[in-house]
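# Working through the structure, step by step
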Amino acid sequence: MIHPTAIIDSSAKLADDVKVGPYSIIGPDVEIGSGSVIESHVVVKGPSVIGEKNHFYQFSSVGEDTPDKKYKGEPTRLEMGDGNVIRECVTIHRGTVQDQSLTKIGNDNLIMAYAHVGHDTFIGNNSIIVNSTSIAGHVVMGDWAILSGHTMVHQGVNIGAHSFTGAGTFLTQDLPAYVMATGHPASARTINKEGLKRRGFTPEAIAAIAKAFKIFYRRGLPVEEALQTLAPLAQEHPEVQLFIDSIRSSVRGVTR
């Protein structure tokens, strides 16, 4: 299960069935759960706790120190759930004491080749991060979000659940739930209708979310007035509340 050229630190804890390929390095204070596969030339550093059935492809670097110049070698962590796929040359950095000392990735995410997940980032479940996308530090990414190739995400941005970015998008402000954005800088275009269909949202729910988008983005209302206008719609269609909450929780301002 472990190739003879792999280097496993004596303090690392690997489940008995973890596969480790040629020339991979597993550092101290790393835990890797059952069913996980480490291909060749992968580096995993700690403190990192990695769940079950994760698959790391060649040349990925997981749990490395952040290059943030405020980082002074403090003991920070990476936590990863189950069923994630980390493709070639992905880089994922641990957190910093300036935040919660933690970078956290949930379950069943696909992070594709050459993508970067910066320090103190929190990624939910079932998200897709496409090739060469760069996520700066302190980003929060909701469930089922998709970032197309070469998307750039500014530090501290919140990315709402079920949202979508087109290729080459530059997000400098928060992206509400369900919203599809493109451009450099990003602009909100419409809702992620196809994604919602695939995830089993009813036609009525999708229509309500589309209506909420038009009220917020097309009527030219001040933010608070638009959200108050959306409240009755959210009572009738609870899915709209996620859209409202993602706007209310915005710190950097909402992508318009």
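First, a word on scope: everything that follows refers to the structure included in this document. Since the structure is predicted, the reported quantities are computational estimates derived from the model, not experimental observations.

In terms of helices and strands, the chain carries four helices and 27 strands. Computed over C-alpha atoms, the radius of gyration of the chain comes to 20 Å, within 12% of the 18 Å expected from 2.2 N^0.38 for 256 residues, which places it in the range of a compact globule. Based on the C-alpha atoms only, the size of the chain along its principal axes is roughly 65 × 40 × 30 Å. By the burial criterion, 48% of the 256 residues in the chain qualify as buried. The contacts of the chain with a sequence gap of at least 6 include a subset with a gap of at least 24, amounting to 31%. Entry remark: accessible area of the chain is about 11500 Å², with carbon and sulfur atoms responsible for 54%. Within the chain, the 26 negative side-chain charges are centred at a point lying 9 Å from the centre of the 23 positive side-chain charges.

A sheet is described by the order of its strands in space; here eight strands give the open sequence β2-β5-β8-β11-β14-β17-β20-β23, paired in parallel fashion. Each edge of the open sheet carries a strand with a single partner, namely β2 (13-14) and β23 (158-159).

This part covers a negative patch on the surface. A cluster of like negative charges, contributed by D16, D17, E52, D82 and D108, occupies part of the molecular surface. By the secondary structure assignment, D82 is in the loop between β11 (77-80) and β12 (85-86). Residue D82 is classed as partly exposed on the basis of its relative accessible area, which comes to 34%.

This brings us to the pattern of salt bridges. A complete count under the given rule lists seven salt bridges for this structure. Residue D65 pairs with R94 through a salt bridge whose shortest N-O separation is 2.8 Å. Taken together, the positions of D65 in the loop between β10 (61-64) and β11 and R94 in the loop between β13 (91-93) and β14 (102-105) put the pair 29 residues apart, joining distant regions of the chain. Given the relative accessible area of 35%, D65 is considered partly exposed. The partner of R77 in a salt bridge is E79, and the shortest N-O contact between them spans 2.4 Å. On the basis of relative accessible area, E79 is assigned to the partly exposed category, the value being 25%.

Analysis parameters
Residues numbered from 1 in each chain as written. Predicted model: local features only at pLDDT ≥ 70, side-chain atom pairs only at ≥ 80, totals over all residues. Heavy atoms only, no water. Helix = DSSP H or I, 4+ residues; strand = E, 2+ residues; numbered from the N terminus. Rg over C-alpha atoms; globule rule 2.2 N^0.38 Å. Buried < 20%, exposed > 50% of the residue type's maximum accessible area, 1.4 Å probe, protein only. Contact = heavy atoms within 4.5 Å. Areas by Shrake-Rupley, 256 points an atom, 1.4 Å probe, with all protein chains shown as cover. Lys, Arg positive; Asp, Glu negative; His and termini not counted. Charge placed at Lys NZ, Arg CZ, Asp CG, Glu CD. Pairing = 2+ DSSP bridges. Patch = residues over 30% accessible without salt bridge, like charges linked within 9 Å, V, L, I, M, F, W, Y side chains within 5 Å. Salt bridge = Lys/Arg side-chain N within 4 Å of Asp/Glu carboxyl O.

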